[in-house]
Amino acid sequence: DVCSSDLFPSHDRWWSWTEEAISAWINVPDDTGTYTIFGVGDANAVGYMEFKVAAGKLQFDIYDGGATRVDVISTNRVVPIHMWTHVCLVQDGSRPYLYVNGKLVAMTDTTATELGQWFDDTDGIDGAHIGASDSIAGGAALTNEFKGYISDVKVWSGTATTAALTSELYRDWE
């Protein structure tokens, strides 16, 4: 099942932050599929942001205005199958960074038009989804639905520090 939200409170425009992080614990069933961890999009036009696992690699992309603006992917397969793994996407205002189990992974910028882009640069965001992407316009259709398990998805205000990521890894799970 997918958790979706069409509500964006005006008093806290989290999608307009320029420095932010998204983290989650994930457990994927295979290293061949494409599974969105967290996605936002515009149901009326093709404009979206995805944080996902694609063939075992961690990936972040933004598509807006008819073109891919950002596409950053881990160089190697970094997400193991059948194992709980902590993943994090950090945007520091200049570029996105990908972390697995608290460690920065080697990345390739396949599209680096505007690495500083973030949620606020995608016009018309009207949906947020844990476990799916809003990558096609209209009909509230979701794509790249997550297979496996997702836990403790967090959207952080400001850039996540190494200390904060380490704390997430080793916190008490009572």
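Criteria and cut-off values
- Residues numbered from 1 in each chain as written.
- Predicted model: local features only at pLDDT ≥ 70, side-chain atom pairs only at ≥ 80, totals over all residues.
- Heavy atoms only, no water.
- Helix = DSSP H or I, 4+ residues; strand = E, 2+ residues; numbered from the N terminus.
- Buried < 20%, exposed > 50% of the residue type's maximum accessible area, 1.4 Å probe, protein only.
- Contact = heavy atoms within 4.5 Å.
- Pairing = 2+ DSSP bridges.
- Salt bridge = Lys/Arg side-chain N within 4 Å of Asp/Glu carboxyl O.

Peer 1: Is there a simple way to think about the environment of Ile 37 in this case?
Peer 2: With respect to the element layout, Ile 37 can be found in strand S3 (residues 34-41). What makes Ile 37 buried here is its relative accessible area of 0%. For the pair Ile 37 and Gln 59, spaced 22 residues apart in the sequence, the C-alpha separation amounts to 9.9 Å. Setting aside residues up to four positions removed in sequence, Ile 37 forms contacts with Ala 24, Ile 26, Phe 51, Lys 52, Val 53, Leu 58, Val 87, His 129, Ile 130, Gly 131, Phe 146 and Ile 150.

Peer 1: I'm lost on the sheet that holds strand S7 (residues 85-91) in this one. Help?
Peer 2: The strands that make up a sheet pair up through hydrogen bonds in the backbone, lying either parallel or antiparallel. The five strands lie next to each other as S9-S8-S7-S2-S12, forming an open sheet whose pairing is antiparallel. On the outer flanks of this sheet lie strand S9 (103-104) and strand S12 (149-157), each paired with one strand and no other. Where strand S8 (residues 96-100) meets S9, two bridges bridge the pair, whose relative direction is antiparallel. Counterpart to Tyr 99 in the pairing with S9 is Leu 104.

Peer 1: Looking at this structure, I do not really get the pattern of salt bridges. What am I missing?
Peer 2: A side chain with one charge can pair with a side chain of the opposite charge if their charged atoms come near. Considering all chains together, one arrives at four salt bridges under this definition. Across the pair Glu 50 and Lys 52 runs a salt bridge, and its minimum N-O distance is 2.8 Å. Across this residue pair, the class does not change: Glu 50 and Lys 52 are buried. The salt bridge partner of Asp 109 is Arg 95, with a shortest N-O separation of 2.9 Å. Residue Asp 109 is found in strand S10 (residues 107-112), and its partner Arg 95 is found in the loop between S7 and S8; the two are separated by 14 residues along the sequence. By relative accessible area, Asp 109 is classed as partly exposed at 31%. Residue class for Arg 95 comes out buried when judged on its relative accessible area of 15%. Among the ionic contacts, a cluster of salt bridges with common partners joins Glu 50, Lys 52 and Asp 61.

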